[in-house]
There are 2 protein chains.
Amino acid sequence: MARVTVADVADEAGVSRVTASKVLRGGEGVSPSTTQRVLDAAAALGYGREQSASGEGKRVTIADIASAVGLSKGSVSFALNGQAGISPENREKILETARQLGWRPHSAARALSSSQSKAIGLVLARDVDTLGSEPYFMRLIAGIEAVLSKESIVMLFQTVPSIEAEMAVYDDWWSERRIDGLLLNDLRVDDPRLPYLQGLGIPSVFAGLREGSGTVSAVFHEEAPGVEETVLHLRDLGHRSIGRVAGPAEFAHIAERGQAFARLCSELGIEHYESIETDYSMEQGAEATRYLLARPERPTALVYDNDIMALAGLREAQATGLSIPQDLSIVAWDDSLFCQASSPSLTAVARDIRAFGEQAATSLLDLIRSGAPDTVREPPGRIVARDSTAPPPS
Amino acid sequence: MARVTVADVADEAGVSRVTASKVLRGGEGVSPSTTQRVLDAAAALGYGREQSASGEGKRVTIADIASAVGLSKGSVSFALNGQAGISPENREKILETARQLGWRPHSAARALSSSQSKAIGLVLARDVDTLGSEPYFMRLIAGIEAVLSKESIVMLFQTVPSIEAEMAVYDDWWSERRIDGLLLNDLRVDDPRLPYLQGLGIPSVFAGLREGSGTVSAVFHEEAPGVEETVLHLRDLGHRSIGRVAGPAEFAHIAERGQAFARLCSELGIEHYESIETDYSMEQGAEATRYLLARPERPTALVYDNDIMALAGLREAQATGLSIPQDLSIVAWDDSLFCQASSPSLTAVARDIRAFGEQAATSLLDLIRSGAPDTVREPPGRIVARDSTAPPPS
DNA sequence: CTGAAAGCGCTTACAG
DNA sequence: CTGAAAGCGCTTACAG
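In what follows, the accompanying structure is described. Treat the numbers as computed from the prediction; the structure is a model and nothing was measured.

What follows deals with the packing of aromatic side chains. The geometry of an aromatic ring pair is captured by two quantities: the separation of the ring centres and the angle between the planes. All names here are of chain A. Per the counting criterion, the structure on display carries eight aromatic pairs over all chains. Plain terms: the ring middles of Tyr136 and Phe137 are 5.1 Å apart, the flat faces sit at 85° to each other, and that makes the pair edge-to-face. Centre to centre, the rings of Phe261 and Tyr273 are 6.2 Å apart; their planes meet at 85°, and the pair counts as edge-to-face. One end of the pair, Phe261, is in helix 14 (residues 252–267); the other, Tyr273, is in strand 7 (residues 272–277), and 12 residues separate them in sequence. Phe261 sits in the buried class, given a relative accessible area of 2%. Tyr273 gets classed as partly exposed once you look at its relative accessible area, which sits at 34%. Positioned above the aromatic ring of Trp174, the side-chain terminus of Arg177 is 5.5 Å from the ring centre.

Encoded structure:
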């Protein structure tokens, strides 16, 4: 793709190079019809576009548009931003010329003068293998971006090893004015990020938080309903002893599940129940499984807080000679393709994570615009019965 | 966190508010020792930091530093950027003052005047469930960011439904000067993105490309060695008929694996071999498995192009009453936690994806700096033997 | 080694 | 509805 030159445009339009150059760089002293002809030729050849995109040559700016249409930069800016205060004819003329010249806003110039970066940030503090094996995050991201891309807002993304590193990233991004707001995940019990965000005053949406305040909005769903469906499902099958292989209790949603699990088991007539905390890993999932299966009130059903532990537990149970689901029922919290691909397929609690991501992004944009924090409750998870749950052995 | 005011600083430093204000806003007419005292107090209280981070109040700029130390903005800029052309003493004084005032660069201002956004872009055109189930991408991202974060370079991330949408994003980001360069994945046979990037002139690193040129660098690894290890492993176990459940052949690395597979099977004495193309999905993985197991020269070993298909194939085979690995050996290409968690665990081809990501990012930064495209070859995948491979039934 | 000034490309009061 | 100008916070020649 050779670069399109003024000479090319001149030839295409059938005018002199001097005339073409005049139109392309300013537009004074050339008749309207000739101006139009040159601009059409430029558009056809992709002259402006190439210029603006290639990095070589001069970038098309609002000054170029202004002189092409014979109006001020201020008017051009108004028209381009859809603001009131400019006549319909001039607006149309400006828009058309901008299109023809291939003008595109310079994000840094806008950010500098408007104090808005049109970017939001997402930082994930989990180890890479957890991130890579949990479908949650990619779905969340897909939901977020479905909303952002409509508004030409961009997402900065980073993974970090710890929550401290996460906060350091927020400080950097915010103080360098890289972002207008933040999306947070994995709320902890007494999460240090919350006061940190409030202190810095960063507009944020915290997934899992129950109530927005200050500059932080909340988007969440209840854990209890999914737990209740699970316990009911197992009780109705006849189970009276249930073990739970839990994620880290420092996560607020895990702690909440744990409380709901204990309360509901007790209320719904489960005679024995027990939770074992793990770090979410395959190894600890297998270990907790071994431990629970060796208990005096050996559980006939096991519930896991993520899919990789459920799979590891399945493997562990099968290795000890158990048949699933005849000898032991298994439920995974957070459905994934792997729950379907395993043998037997795993009964799991499923949520619409993509919708959750969309809501989180929508809330963030609202917050950035309005400055007022909000609280949104999303639908809870629901159980999807598959082949890994059945009545307990008699 | 209440905002730190000039009055607070004055109290802390034991000077009048007028004096504190003078120092904090300019520094003229105040003795060096008093100036120092006030700046120390400000630093202790986090005055500058709060100012620069909170968004309220005036941001600390290089002009503030300049008047505080009594030098020009240009000198301050030089010092802050580590450029030559300023005396050691003044450099030190500027750096110290900047630190005390909590100055942070404004990314947009820098981007506008330096024509560098200090951001790179990554767009993934795969459906969300594939992305969420393949550990590849998160590992790649972790590797990329390990390099970027050292240089305070930020990553824009987006998922899109198609390769056309992907190119549209590149056009947007580049023409708005959002990014300095791009990282590309999933090279296609005759990939349209390559000429597109070259046309736009975007500095890019294309993973999988065999040779850099123009503004595009290449980072790749050979597929053949991993294929060879796999075929050798199976042959040495005694297998003479191998089936392959392949990913989409439009991907260059899949096409290459396919060619290597046919060539190596033939060279290494495998009597029957066959590849079936799929879309990477669980469903088609299961379907291809059924098909291959029904062939006249029924394969005794099956090789899969991703982990989810391998798992689906394992399930399918077990459902038809086969024991793995006694009746059928299975190998997954691209190892993951799920290959370890399955029962039996899956023999798989593993690569150091994180290192690959680091190299890709390093190459991109080099390219952005130098303008010269490069080509880097990374180590190929190696087979990791687990429980899913054994001699064929006799 | 240092200063004064122009410029990056926008937005936004301020006048008319 | 429109124009002229200042300003956002830096970098970068250009002089000395």
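Let us look at the environment of Pro248 of chain A. All names here are of chain A. Assignment of secondary structure puts Pro248 in the loop between strand 6 (241–246) and helix 14. Under the relative-accessibility criterion, Pro248 is labelled buried at 11%. For Pro248 and Glu277, which are 29 residues apart along the polypeptide, the C-alpha to C-alpha distance reads 5.9 Å. Ignoring anything within four residues of it in the chain, the contact list for Pro248 reads Ile254, Glu277, Thr278, Asp279 and Tyr280.

So, about the protein's contact with DNA strand C. Taken together, 26 residues are adjacent to DNA strand C, and Ser77 and Trp103 of chain A together with Gly85, Ser87 and Asn90 of chain B come closest. At 2.4 Å, a side-chain N or O of Ser77 of chain A approaches a phosphate oxygen of DNA strand C. At the level of secondary structure, the elements contributing two or more residues to the surface near DNA strand C comprise helix 6 (73–80) and helix 8 (107–114) of chain A together with helix 8 (107–114) of chain B.

Turning to the pattern of salt bridges, a few remarks are in order. A complete count under the given rule lists 50 salt bridges over all chains for this structure. The salt bridge involving Glu166 of chain A is made with Arg193 of chain A; its shortest N-O contact spans 2.8 Å. Of this pair, Glu166 of chain A sits in helix 11 (residues 163–175) while Arg193 of chain A is found in helix 12 (residues 193–200), placing the two residues 27 residues apart along the sequence. Glu134 of chain B is the salt-bridge partner of Arg126 of chain B, the closest N and O atoms lying 3.4 Å from each other. Given a relative accessible area of 9%, Arg126 of chain B falls into the buried group. What makes Glu134 of chain B buried here is its relative accessible area of 7%. Residues joined in a network through salt bridges with shared partners are Arg210, Glu222, Glu256 and Arg377 of chain A.

With that settled, consider the interface of chain A and chain B. Tallying the contact residues gives 69 residues for chain A and 68 residues for chain B. Here chain A and chain B share an interface that buries about 6,000 Å² over both sides, 58% of which is from carbon and sulfur atoms. Per-residue buried area on chain A facing chain B is highest for Met138, Arg178 and Phe338 of chain A; these three make up 12% of the total on that side. On the surface where chain A and chain B come into contact, there are four salt bridges. Taken together, the connections running from chain A to chain B amount to 24 residue pairs in polar contact (both at pLDDT 80 or more). In terms of residue count, the dominant contributor to the side of chain A that touches chain B is helix 10 (residues 135–150) of chain A (eight residues). Among the residues making up the side of chain A that touches chain B, the classes are represented as 32 nonpolar, 19 polar and 18 charged.

About the criteria used
Residues numbered from 1 in each chain as written. Chains lettered and ligands numbered in written order. Predicted model: local features only at pLDDT ≥ 70, side-chain atom pairs only at ≥ 80, totals over all residues. Heavy atoms only, no water. Phe/Tyr/Trp six-rings, centres within 6.5 Å; stacked < 30°, edge-to-face > 60°. Helix = DSSP H or I, 4+ residues; strand = E, 2+ residues; numbered from the N terminus. Buried < 20%, exposed > 50% of the residue type's maximum accessible area, 1.4 Å probe, protein only. Lys NZ or Arg CZ within 6 Å of the ring centre and 35° of its normal. Contact = heavy atoms within 4.5 Å. Near = heavy atom within 4 Å. Polar contact = N/O pair within 3.5 Å; in protein donor to acceptor, adjacent residues only side chain to side chain. Salt bridge = Lys/Arg side-chain N within 4 Å of Asp/Glu carboxyl O. Buried area = accessible area lost by both parts, 1.4 Å probe. Nonpolar A, V, L, I, M, F, W, Y, C, P; charged D, E, K, R; others polar.

In short, the description is geometric, and any link to function would need to be established separately.
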